[in-house]
Amino acid sequence: MLSPRIHRGQGLGPLVVLFLFCGSSVAEADGSDYSEVLPDSFPSAAAEPLPEFQLEPEDGFIVKNRPVQLRCRAAPATQIYFKCNGEWVNQNDHVTRESLDQITGLVVREVDISVSRTQVEELFGLEDYWCQCVAWSSAGTTKSRRAYVRIAYLRKNFEQEPLGREVRLDQEVLFQCRPPEGIPPAEVDWLKNEDVIDSSQDSNFLVTIDHNLIIKQARLSDTANYTCVARNVVAKRRSSTATLIVYVSGGWSSWTEWSECNVRCGRGWQRRTRTCTNPAPLNGGAFCEGAPFQRITCTTLCPVDGGWTEWSKWSACGTECTHWRSRECQAPPPRNGGRHCSGSMMESKNCTEGLCTRNKKVSIEHASHPLDPGAGVAVYAGLVGALLLCVVLVLCVAVLAYRRSCRHLHGDITDSSSALTAAFHPGNYKPPRQDNPHLLHASAPPDLTATAGSLRGPLYALQQSAADAHKIPMTTSPLLDPLPSLKIKVYNSSTLSSLELPTGGSSADGEILSLRTVGSGPRDPHSRTLPREPGSCASATLGCLGGRLTIPNTGVSLLVPPGAIPQGKFYEMYLIINKWEKTTLPSEGGQTVLSPVVCCGPSGMLLSRPVVLTLPHCAQLDTPDWTLTLKTQTHQGGWEEVLTVGEESLSSPCFLQLEEQSCHVLMEQLGTYSLVGQSAPPQPACKRLQLALFAPRAPCLSLDYSLRVYCTQDTPYALKEVLELERSLGGVLLEDPKLLLFKDSYHNLRLSIHDIPHSHWRSKLLAKYQEIPFYHIWSGSQRPLHCTFSLERSGMAVSQLTCKICVRQVEGEGQIFQLHTDIQETLPPHSPLPSGGPCVPSSQVGPYAFRLPGSIRMKICASLDAPSARGCDWRLLAQSLGFDRYLNYFATKPSPTGVLLDLWEACHQGDADLVSLATALEEMGKSEVLVVMTTDGDC
């Protein structure tokens, strides 16, 4: 226990003893002259540690005339005194309590003083009134922190008060409030009908850092009186009450059906009505504009009854000894629902007055059938025979034409470029006859110089190599259209050749294609290959074993399964992310680009099975608010739709598997692709954005300082672009990017800076905030988007910068950056992306590219491809793996299971664990496949 002893007004005795020990060092430390109180000799004392403050004085405010009590406590302490504004406080003004710490045995002293309003008011100068404790022991002195004493006040008048408003339903409302000046600064609360607004309980309310109240979407229940209340330790002030009225303007209901015409015959009118109840006007809202009814004229045709014409003349006397006459119901004909004529249309009577006999009738009847029934059968048989003869002649002509066309297309050179059959056809070349003594040997290349003919239009000529000088004219082909400076390698089992596109010139007649045999001569020093920009492309020579192309740190990859390239053929395949400034955007109207624009090729090559292109996207898929479309770029540069998710059919050329942050496209035609989307009513869609804050990396050598905030898509490649741009500008990322959900609501993105220490920094921004237009973000027409905050410090000695940067979509979500940095230091580089060193492969060739061994793949396909009556086949595997959105696509493939496994490989590129696949097979009851996977695989 501590035994306190209180001393008040004891003179300078203890202080003199302490001064005797400390000597001149105390005087030097405090800058005071103690020569009048210090004796000539110093007594010896036991060594003890320096005093340590257990309680330091705290800032205080003088409310009205009540003094402020300052207290401090230290141990071990021989004496403690207060020093205010550089002067020692009179010892008689101290209240000292002394005790002994029974644990440590050290002397604990506690001292109180009172600071009155008069003392504070008598201080002259710019600095506030301050006091600090000084404690002594035999080892020396210790000073406490400074405690500032200020006179508290709160002025009566608000600098800005909220104003009443009338707003429509769902409109954003802003009430501004600037509280009165005061010390300490006033805290602000908002009242709604005298109840305190708690924004944590109602997310529709938002109180900003500058004390403004924002109602995100005005509701009818928000019609109320709003008051801004400012308070501190002195008083509480209320602003004038602002009345908010949320009104609803009237809306018309749907039109009723047109009424029937008011007259049954002749000219009349029809009427339809509507009411102002959708919704009805409320709280002074405007009434519906326009008429509540519409009337149009109608004409109902009067019915006209039919009338008979005059009887015709009697006909000649017939074989039945009768003659006829007729009439028609055409005078007038019945119209508009009129009645038809009554009576018979024909009339007959005997024309011989009974002189005809029965025998005469019989002879006449025989004369009326002159043909024998057998003669009719012969006529029909002749017609059928003639028809069959015509069909046979047409088939013969078609067969002859087909054989003649095939004779021009066969040749011994087609195998050397069979991988390009969609692009090249040898011209003016016919195969030699079998009895020709100059028949080409299988191991010798054909000499086609003599038979090569000239073709009109742009031609791709063959360059001569050192060993072969064979010229083969080629026709143009879409295989070579998409990229300039493209190098395509094509190999087969007998010939190894290289195919190139020169970069110089773009005219059709001037382009040439060079095909030279590799290994038969020196390599052409002027050959040009695909331009490779670091970090945005990948390429590899792939064959029938397949492989994988990956662009590191972008999320873009291309999986070429085994068997996709025909046996014996090799292609130099490439994968490129197109730069935005060099690409026509695929979005139109209200669409937005959700993924990078990726080009894979060579375009037009023949694939035996689908490849899988993986694209990252930035669509927020929590709710089904998107209409997603895959687009491809045509040779003319335009974009056309390939597939709309959810609207697949048997004619769809692709299948798209969606995941949270990426999509996988099964395709059989290489080209340029991108994913776009637009909102699906009634809810607006959201896309993910990344907000990145950058500052200069080097120490600041001027008074100006700038901060840059970038807004990009939430894809790895978009962030990689910004990091590379800032690296070239000398900037550094201050912290990991923040995620922002940007809603398709036509509201801009607002950026503002707050809490700048105005005594040392000044913002050069004239407005309160900056905005990035909604269309620039949603369409992606400008990249990268950023805002710069320019600041100016008061002097070169200022090095610390503390502030907040708020980024939010108007009427949407937001993020806040808390910044605290030293601008005089060199900032270390910071990147959220993994380091892409040489250990990260951009391409993998053959079996090394796949997690699933080929033997296991073949046995799984053999077990599941065949349909099962119980449904335990590839369809159940697709359901287990989550690939069953449109099973008809897989059903059209020769091996549906193989395509499903290819898609599984692409979806699990980084974490392809065979256990997950084995679990799906175990649930299907495929124990025989599990045995194989356990034996040959890694499970």
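Residues numbered from 1 in each chain as written. Predicted model: local features only at pLDDT ≥ 70, side-chain atom pairs only at ≥ 80, totals over all residues. Heavy atoms only, no water.

## Notes on the overall build of the protein
And step 1. A tally of regular secondary structure across the protein gives 13 helices and 52 strands.
And step 2. Looking at the protein residue by residue over its 939 residues, the buried ones come to 40%.
And step 3. Split by element, the accessible area of the protein, about 51100 Å² in all, is 54% carbon and sulfur. (Helix = DSSP H or I, 4+ residues; strand = E, 2+ residues; numbered from the N terminus. Buried < 20%, exposed > 50% of the residue type's maximum accessible area, 1.4 Å probe, protein only. Areas by Shrake-Rupley, 256 points an atom, 1.4 Å probe, with all protein chains shown as cover.)

## Things to note about the nonpolar core
And step 1. In terms of nonpolar packing, the biggest core is built from 73 residues, with L558, M573, L575, L613, M667, L707 and I805 touching the most fellow members.
And step 2. Every residue in contact with L558, bar those within four places of it in the chain, is listed here: G547, R548, L549, M573, L575, C600, V611, V612 and L613.
And step 3. In terms of nonpolar packing, the next biggest core, distinct from the first, is built from 32 residues, L852, Y886, L901 and L917 among them. (Core = buried A, V, L, I, M, F, W, Y, C linked by side-chain atoms within 4.5 Å. Contact = heavy atoms within 4.5 Å.)

## A word on the pairing of strand β40 (residues 662-667)
And step 1. Extensive coverage of β40 is indicated by the burial of 6 of its 6 residues.
And step 2. The two faces of β40 match: S662, H664 and L666 on one face and C663, V665 and M667 on the other face are all buried.
And step 3. Summarising the sheet, strand β36 (residues 611-616) and β40 pair through 6 bridges and their orientation is antiparallel. The residue bridging L615 from the neighbouring strand is C663, located in β40.
And step 4. In this sheet, β40 lies alongside strand β39 (residues 655-658) in antiparallel orientation, the contact comprising 4 bridges. (Pairing = 2+ DSSP bridges.)

## Comments concerning the confidence of the model for the protein
As a note on interpretation, predicted positions should not be read in detail where pLDDT is low.
And step 1. Residues with a pLDDT of 70 or more make up 75% of the protein, whose mean pLDDT is 77.
And step 2. β36 holds the highest mean pLDDT among the elements of the protein, 96, whereas strand β29 (residues 514-517) holds the lowest, 32.
And step 3. In the predicted structure, residues 1-39 sits below a pLDDT of 50 and forms 73 contacts with residues beyond four places in sequence or in another chain. (pLDDT = per-residue confidence, 0-100.)

## Notes on the packing of aromatic side chains
And step 1. According to the stated counting rule, one finds 15 aromatic pairs in the structure shown.
And step 2. Here F694 and Y710 contribute two aromatic rings whose centre-to-centre distance is 5.3 Å and whose plane-to-plane angle is 85°, an arrangement assigned as edge-to-face. With F694 in strand β42 (residues 686-696) and Y710 in strand β43 (residues 704-713), this pair connects stretches of sequence that are 16 residues apart. Y710 shares its class with F694; the two are buried.
And step 3. Pairing F742 with F774 gives two aromatic rings, centres 5.5 Å apart and planes at 20°, and the pair type is stacked. Here F742, found in strand β45 (residues 738-743), pairs with F774, found in helix α7 (residues 774-779); they are 32 residues apart in sequence, far enough to count as distant.
And step 4. Since its relative accessible area comes to 0%, F742 is described here as buried.
And step 5. Aromatic rings pair up to connect W626, F742, Y746, F774 and W778 into one cluster.
And step 6. In this arrangement the basic side chain of R295 is found over the ring face of W269, its NZ or CZ atom lying 5.0 Å from the centre. (Phe/Tyr/Trp six-rings, centres within 6.5 Å; stacked < 30°, edge-to-face > 60°. Lys NZ or Arg CZ within 6 Å of the ring centre and 35° of its normal.)

## Examining unusual backbone geometry
Note on backbone geometry: most residues besides glycine have negative phi, and most peptide bonds are trans.
And step 1. Here the amide bond leading from A75 into P76 is cis, since omega sits at -10°, within 30 degrees of zero.
And step 2. On the secondary structure map, P76 appears in the loop between β4 (68-75) and β5 (79-84).
And step 3. The amide bond that connects N278 to the next residue, P279, takes the cis arrangement and shows omega of -5°.
And step 4. Summarising the element assignment, P279 is placed in the loop between β23 (266-273) and β24 (293-300).
And step 5. Although it is not a glycine, K64 sits at a positive phi angle of roughly 55°.
And step 6. Note that K64 resides in the loop between β3 (60-62) and β4.

## What about the packing of helix α8 (residues 854-864) against helix α11 (residues 896-907)?
And step 1. Contact geometry of α8 with α11 gives a least axis separation of 9 Å together with a crossing angle of 135°. One finds that α8 runs oblique with respect to α11. Residue-level inspection shows R857, I860, C861 and L864 of α8 in contact with α11, the latter providing T897, G898, L901, D902 and E905.
And step 2. Of the residues in the contact of α8 with α11, the class split is 4 nonpolar, 2 polar and 3 charged. (Axes fitted to C-alpha atoms, helices over the stretch in contact; angles between N-to-C directions. Parallel < 35°, antiparallel > 145°, perpendicular 65-115°, else oblique. Nonpolar A, V, L, I, M, F, W, Y, C, P; charged D, E, K, R; others polar.)

## Some remarks on the layout of surface pockets
If a probe the size of a water molecule is rolled over the atoms, the empty space left behind becomes visible.
And step 1. Taken as a whole, the largest pocket holds about 1300 Å³ of empty space.
And step 2. Surrounding the largest pocket, 39 residues form its lining, I209, D210, S752, H754 and K768 being those nearest its centre.
And step 3. Listing elements by their share of the lining of the largest pocket, those giving two or more residues are β18 (205-207), β46 (749-754), β50 (800-809) and β51 (814-822).
And step 4. Broken down by element, the residue count for the lining of the largest pocket peaks at 4 residues, all from β46.
And step 5. Residues of the lining of the largest pocket, tallied by class, amount to 14 nonpolar, 14 polar and 11 charged. (1 Å grid on protein atoms, 1.4 Å probe; cavity = no way out; pocket = protein on both sides within 12 Å on 5 of 7 lines; lining within 4 Å. Points joined across faces, edges and corners; volume = space filled by probe spheres on them.)

## Let's talk about the state of the cysteines
And step 1. Counted by the stated rule, this structure contains 8 disulfides.
And step 2. Paired through a disulfide, C265 and C302 show a sulfur-sulfur distance of 1.5 Å. For the disulfide bridge between C265 and C302, the dihedral angle about the S-S bond is near 105°, and by the sign convention the bridge is right-handed. Of this pair, C265 sits in the loop between β22 (242-247) and β23 while C302 sits in the loop between β24 and β25 (322-326), and the two are 37 residues apart along the sequence.
And step 3. Each sulfur in the disulfide pair C276 and C288 lies 2.0 Å from the other. (Disulfide = S-S within 2.5 Å.)

## Quick notes on the side chain of E110
And step 1. Within the secondary structure, E110 is located in strand β8 (residues 107-115).
And step 2. Its relative accessible area of 12% is what places E110 among the buried residues.
And step 3. There is a polar contact of 2.6 Å between the side chain of E110 and the side chain of R73.
And step 4. A polar contact of 2.6 Å, which involves the side chain of E110, links it to the side chain of R97. (Polar contact = N/O pair within 3.5 Å; in protein donor to acceptor, adjacent residues only side chain to side chain.)

## Topic: the packing of helix α9 (residues 874-881) against α11
And step 1. One can describe the packing of α9 onto α11 by two numbers: an axis separation of 9 Å at closest approach and a directional angle of 15°. Considering their axes alone, α9 and α11 lie roughly parallel with respect to each other. Relative to α11, α9 is oriented so that their crossing is left-handed. Counting all contacts with α9, which are made through W874, L877, A878 and L881, the residues of α11 involved are P896, T897, L900 and W904.
And step 2. When grouped by side-chain class, the residues that make up the contact of α9 with α11 number 7 nonpolar, 1 polar and no charged. (Left-handed = near helix turned anticlockwise from the far one by under 90°.)

## Notes on the sheet that holds β40
And step 1. Taken in spatial order, the 6 strands make up an open sheet running β39-β40-β36-β32-β31-β52, and their pairing is antiparallel. Only two strands of the sheet have a single partner each, and these edge strands are β39 and β52 (843-845). For this sheet, the mean inter-axis angle between neighbouring strands, taken without regard to orientation, is 15°.
And step 2. Its contacts with the sheet put α11 on β31 (547-551), β32 (556-560), β36, β39 and β40, and the angle it makes with β40 is roughly 150°.

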